[in-house]
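Below, each chain spelled out in residue letters.
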Amino acid sequence: MALIDAQPYPFDLDPVRAALMIIDMQRDFLEPGGFGAALGNDVSLLRRTIAPSRQLLEEARAAGLTVIHTREGHRPDLADLPPTKKARGRLPAGIGDPGPMGRILVRGEDGHDIIPELYPAPGEPIVDKPGKGAFHATDLDAILKNRGIAQLIVCGVTTEVCVHTTVREANDRGYECVVVSDCVGSYFPEFHEIGLRMIAAQGGIFGWVAPCDAVVAAISETGRSGGWR
Ligand code: C5J
């Protein structure tokens, strides 16, 4: 066990039951030529999460922690795309349409894939999710339960959308979540700030918030003391 210096109070990390979860670090959201950028968003606000996330990923891998990646997207035949989601935003080019990196948010397309800096290693589960939350219409809960995971260290994008939706549902399902403040990002800095505050408010109503350095320190401390499986 190791304590993570977190808000609203220190988090007791149990290395045997913890997983690193990296949410939707996809080219279409983070790369300058992708869907997010085509909508007019400043992708540099998301890209600043890459370096600390990479550091955390390397530490987690070195310590033997379970690492799980998610991707938001849909079947090529769009059978799992709710018409309401397709219509939302009245976009000239929306989900399933040709975009700058292939069909937008369609599985198998270049833009749907994970950025090279955080690319999954062989054996790391990738959860393809059609919604914002990572539990909706996926086998994530089974994967976590089968591995005895009860704590989630959460990175990814965007703070107030897919990270929040996932953390809220994880919390309802009994998982303890630590959101890594500099490893999550949003196109809207104010939503990011408030989103983090909402997690840790009211005694940690959805979970804990801690910076990458604090999480890395706790993982490496536990690794040194031989606590990992
Ligand atoms: C995610 C989105 N991943 N913002 N998607 O947050 O639509």
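This structure is a prediction, so every number in the text was calculated from the model and none was measured.

Visitor: So what exactly am I meant to see when it comes to the overall build of the chain here?
Guide: The helix and strand inventory of the chain stands at nine helices and 10 strands. Relative to the 2.2 N^0.38 estimate, which gives 17 Å for 229 residues, the radius of gyration of the chain is 17 Å and therefore close to what a compact globule would have. Here the C-alpha coordinates of the chain stretch approximately 55 × 35 × 30 Å along the principal axes. When burial is assessed residue by residue, the chain has 52% of its 229 residues classed as buried.

Visitor: I keep staring at the sheet that holds strand β4 (residues 66–72) and nothing clicks. Help me out?
Guide: Strand pairing in a sheet relies on backbone hydrogen bonds. The paired strands run either parallel or antiparallel. The strand order β7-β4-β3-β8-β9-β10 describes an open sheet built from six strands, whose pairing is parallel. At either margin of the open sheet sits one strand with a lone partner, and together these are β7 (126–129) and β10 (208–210). Looking at each pair of strands side by side, their axes are set apart by 25 degrees on average, direction ignored. Bridge analysis of strand β8 (residues 151–157) against strand β9 (residues 176–185) gives six bridges, and the strand direction is parallel. Bridged to Ile153 within β9 is Val178. Relative to β9, helix α8 (residues 189–204) is tilted by about 165 degrees, and along the sheet it contacts β9 and β10.

Calculation notes
- Residues numbered from 1 in each chain as written.
- Predicted model: local features only at pLDDT ≥ 70, side-chain atom pairs only at ≥ 80, totals over all residues.
- Heavy atoms only, no water.
- Helix = DSSP H or I, 4+ residues; strand = E, 2+ residues; numbered from the N terminus.
- Rg over C-alpha atoms; globule rule 2.2 N^0.38 Å.
- Buried < 20%, exposed > 50% of the residue type's maximum accessible area, 1.4 Å probe, protein only.
- Pairing = 2+ DSSP bridges.
- Axes fitted to C-alpha atoms, helices over the stretch in contact; angles between N-to-C directions.
- Contact = heavy atoms within 4.5 Å.

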